[in-house]
Amino acid sequence: MMKLYFYEHCPFCTRARMIVGLKSLPVMLQVIMESDAETPLRLIGKKAVPILQKEDGSHIGESLDIVRYLDGIGPTVLVAPQDPTLDAWIKEAWPTALKLFIPRFVQADFAEINTPMAREAYRLREEQAFGDLEALRGATSKLVAELQPLINDLVPLVKDRTTIGINDVTLWPVLRSLSIVRTVEFPDQVRDYMHRLSEACGVPLLFNQAA
Ligand SMILES: N[C@@H](CCC(=O)N[C@@H](CS)C(=O)NCC(=O)O)C(=O)O
């Protein structure tokens, strides 16, 4: 059986989990602890997830490569044509979105950080990338003020999406990550889109631990 190694919090891993769920593929889902460098190093030579172990025992270590590989098994589900407006939206929103969800992720409830050692490994990794996480947390209202207009811009882009495509696999994980930010307001149509996709792929949103 194929096996997907992932972190619950990771938006890149969420891409891979989405395609597994959308296609109901027989893939064993395996969380890797943040403190476990040995497993990913052994499998792909670096500490990174997602990692897909294929039936033949070989590994793929890039989220979009995993998505393309899995979508190629049986009938494809990513049929919607690519929308460059959505690609541009993600590019613009991503830096601000990261600064909002990362300081919350390090304190949240995820399987890969449910030991003190793993949580500390994760906190250190994010601190190295983003600097003082408490300071970032303190900048919440400024960051939300920056992001909110972009979230509102999504309404016409997602409200009529009736088929699924590669854009959903890149966009939805960003919105899922942002569902942990209590003061971001999702317009009804964006919220409907988030819930619809969550149900279709079986990956939970994070509203229940919003902070
Ligand atoms: N380009 C990669 C990025 C994956 C990535 O950045 N994963 C993060 C988790 S969010 C990671 O594994 N970081 C290294 C670590 O865990 O130490 C992909 O799309 O698969």
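Predicted model only: the values in this text are computed from it and were never measured.

1. Topic: the site of the ligand
Thinking step 1. Around the ligand, a shell composed of Y7, C10, F12, R15, E34, K47, A48, V49, P50, E62, S63 and R125 is seen.
Thinking step 2. Between the ligand and the protein, one listed contact pairs a nitrogen atom with a backbone N or O atom of V49 at 2.9 Å.
Thinking step 3. R125 places a polar side-chain atom, nitrogen or oxygen, 3.2 Å from a nitrogen atom of the ligand.
Thinking step 4. In the complex, the protein chains occlude 78% of the 510 Å² of accessible area that the ligand would expose alone.
Thinking step 5. Under a 2 Å grid-point criterion requiring more than half of the atoms, the pocket assigned to the ligand is the largest pocket.
Thinking step 6. Across the shell around the ligand, the residue classes tally to six nonpolar, one polar and five charged.

2. Some points on the UniProt feature "domain: GST N-terminal" (unreviewed entry) in the protein chain
Thinking step 1. According to UniProt, the "domain: GST N-terminal" (unreviewed entry) feature falls on residues 4-72.
Thinking step 2. Along residues 4-72 one finds 41% helix and 19% strand; the C-alpha atoms at either end are 16 Å apart.

3. Considerations on the side chain of R176
Thinking step 1. When you line up the elements, R176 lands in helix α9 (residues 166-178).
Thinking step 2. Of the side chains with opposite charge, E8 lies nearest to the buried R176, which makes no salt bridge, at 6.3 Å.
Thinking step 3. Other than its neighbours up to four places away in sequence, R176 contacts E8, H9, T14, R17, V203, P204, L205 and L206.

4. Section: the nonpolar core
Thinking step 1. Core analysis: the biggest nonpolar cluster contains 59 residues, and W89, F101, L171, W172, L175 and L178 have the highest contact counts within it.
Thinking step 2. Residues lining this core come from more than one domain, with at least three contributed by each of domain 1 (2-71) and domain 2 (84-209).
Thinking step 3. When sequence neighbours within four positions are dropped, the list of residues in contact with L178 reads A97, L100, F101, L147, I151 and F186.
Thinking step 4. Counting nine residues, the second largest nonpolar core, distinct from the first, contains Y5, I32, V49 and I51.

5. Here's the deal with helix α5 (residues 116-130)
Thinking step 1. If you check α5, its first and last C-alpha atoms are 21 Å apart, about what 15 residues at 1.5 Å a residue would give, namely 21 Å.
Thinking step 2. Structurally, α5 contributes buried residues whose contacts are with α4 (84-105) and α6 (133-138).
Thinking step 3. A positive phi of about 75° marks G131, the residue just after α5.

6. Remarks on the pattern of salt bridges
Thinking step 1. This model, assessed by the stated rule, comprises ten salt bridges.
Thinking step 2. Here E34 makes a salt bridge to R125, at a shortest N to O gap of 2.8 Å. On the criterion of sequence distance, the pair formed by E34 in the loop between β2 (27-31) and α2 (38-44) and R125 in helix α5 is long-range, its members being 91 residues apart.
Thinking step 3. Accessibility expressed as a relative area gives 33% for R125, which makes it partly exposed.
Thinking step 4. Among the ionic pairs, K159 bridges to D160, the shortest N-O distance being 3.1 Å.

Rules used throughout
Residues numbered from 1 in each chain as written. Predicted model: local features only at pLDDT ≥ 70, side-chain atom pairs only at ≥ 80, totals over all residues. Heavy atoms only, no water. Near = heavy atom within 4 Å. Polar contact = N/O pair within 3.5 Å; in protein donor to acceptor, adjacent residues only side chain to side chain. Areas by Shrake-Rupley, 256 points an atom, 1.4 Å probe, with all protein chains shown as cover. 1 Å grid on protein atoms, 1.4 Å probe; cavity = no way out; pocket = protein on both sides within 12 Å on 5 of 7 lines; lining within 4 Å. Sits in = over half its atoms within 2 Å of the grid points. Nonpolar A, V, L, I, M, F, W, Y, C, P; charged D, E, K, R; others polar. UniProt positions renumbered as here; feature names shortened; annotations may be inferred. Helix = DSSP H or I, 4+ residues; strand = E, 2+ residues; numbered from the N terminus. Buried < 20%, exposed > 50% of the residue type's maximum accessible area, 1.4 Å probe, protein only. Lys, Arg positive; Asp, Glu negative; His and termini not counted. Salt bridge = Lys/Arg side-chain N within 4 Å of Asp/Glu carboxyl O. Contact = heavy atoms within 4.5 Å. Core = buried A, V, L, I, M, F, W, Y, C linked by side-chain atoms within 4.5 Å. Domains from an automatic or database assignment. Expected span 1.5 Å × (residues − 1).

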